[in-house]
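Structure at a glance
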Amino acid sequence: MDRLETTCFRLGLSSGTTSLARDTTHLGFARVSSLRSAQMDWQGQKGAEIVMQIMLVVFAIAGLGIGYTIGSFPTMMLTYAGGVVLTALITVPNWPFFNRRPLKWLDPSEAERHPKPQVNVAAASKKKAPKHK
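These numbers were taken from a predicted model, which means no experiment stands behind them.

1. As for the overall build of the protein chain
Scanning the protein chain for helices and strands turns up six helices and zero strands. Listing every helix and strand of the protein chain by position from the N terminus yields α-α-α-α-α-α. Across the 133 residues of the protein chain, 12% fall into the buried class. The long-range fraction of contacts in the protein chain, counting pairs at least 24 apart against all pairs at least 6 apart in sequence, stands at 63%. For the protein chain, the exposed surface amounts to about 11600 Å²; the carbon and sulfur share of it is 66%.

Below, the structure written as structure tokens:
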């Protein structure tokens, strides 16, 4: 008996509940691992950085305006800190809308058929000496 079945047995749950709990646990793990395992594409990284910069500037201006209007430095800092946290929650995770154009990597077998071009050693060693006046 594995740990999940033991827990369900102690709670007095049926074996059908055990398989349901196992499936639910697996689905939750699949969602989290899909966010962690996928790599953000280049355009997604650029978009995330642009969104981050815009949000930080907007929250800095909003914090300054609110702090100046109310006359409270702590309120200004809390507004900006909240904006930084919100910005991090939006731009740091690998959300699916940042991964719309995934890179198509070359298959390893295809890469073996088309080797990288070799640098000509003789041409690389014949560098022209700079002319001195």
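Having seen the structure, we can now continue with the description.
2. Some thoughts on the side chain of T91
Along the chain, T91 falls in helix α4 (residues 73-91). Only 2.8 Å separates the side chain of T91 from the backbone oxygen of T87, close enough to count as a polar contact. Discounting chain neighbours no more than four positions away, the residues touching T91 are M40, A48, V51, M52 and F98.

3. Structural notes on the environment of P74
For P74, the location among the structural elements is in helix α4. The class of P74 is exposed, set by a relative accessible area of 53%. A sequence separation of eleven residues divides P74 from G63, and the C-alpha atoms of the two residues are 9.9 Å apart.

4. Structural notes on the packing of helix α3 (residues 42-70) against α4
Here α3 crosses α4 at 165 degrees, and the two axes come no closer than 8 Å. On the basis of the axis angle, α3 is roughly antiparallel to α4. In this structure, α3 crosses over α4, and the sense of that crossing is right-handed. The residue inventory of the contact of α3 with α4, partitioned by class, reads 16 nonpolar, seven polar and no charged.

5. Some words on α4
Taking 1.5 Å of rise per residue, the 19 residues of α4 would be expected to cover 27 Å, and the 27 Å separating its terminal C-alpha atoms lies within 8% of that figure. Every buried residue belonging to α4 is among M76, G83, T87 and T91, and all of these are buried. On an axial view of α4, the arc spanned by its buried residues comes to 50 degrees, and they lie on one face. In α4, the exposed positions that point more than 90 degrees away from the buried face belong to P74, L78, V85 and L89.

Rules used in this analysis
- Residues numbered from 1 in each chain as written.
- Predicted model: local features only at pLDDT ≥ 70, side-chain atom pairs only at ≥ 80, totals over all residues.
- Heavy atoms only, no water.
- Helix = DSSP H or I, 4+ residues; strand = E, 2+ residues; numbered from the N terminus.
- Buried < 20%, exposed > 50% of the residue type's maximum accessible area, 1.4 Å probe, protein only.
- Contact = heavy atoms within 4.5 Å.
- Areas by Shrake-Rupley, 256 points an atom, 1.4 Å probe, with all protein chains shown as cover.
- Polar contact = N/O pair within 3.5 Å; in protein donor to acceptor, adjacent residues only side chain to side chain.
- Axes fitted to C-alpha atoms, helices over the stretch in contact; angles between N-to-C directions.
- Parallel < 35°, antiparallel > 145°, perpendicular 65-115°, else oblique.
- Left-handed = near helix turned anticlockwise from the far one by under 90°.
- Nonpolar A, V, L, I, M, F, W, Y, C, P; charged D, E, K, R; others polar.
- Expected span 1.5 Å × (residues − 1).
- Arc of directions from axis to C-beta.

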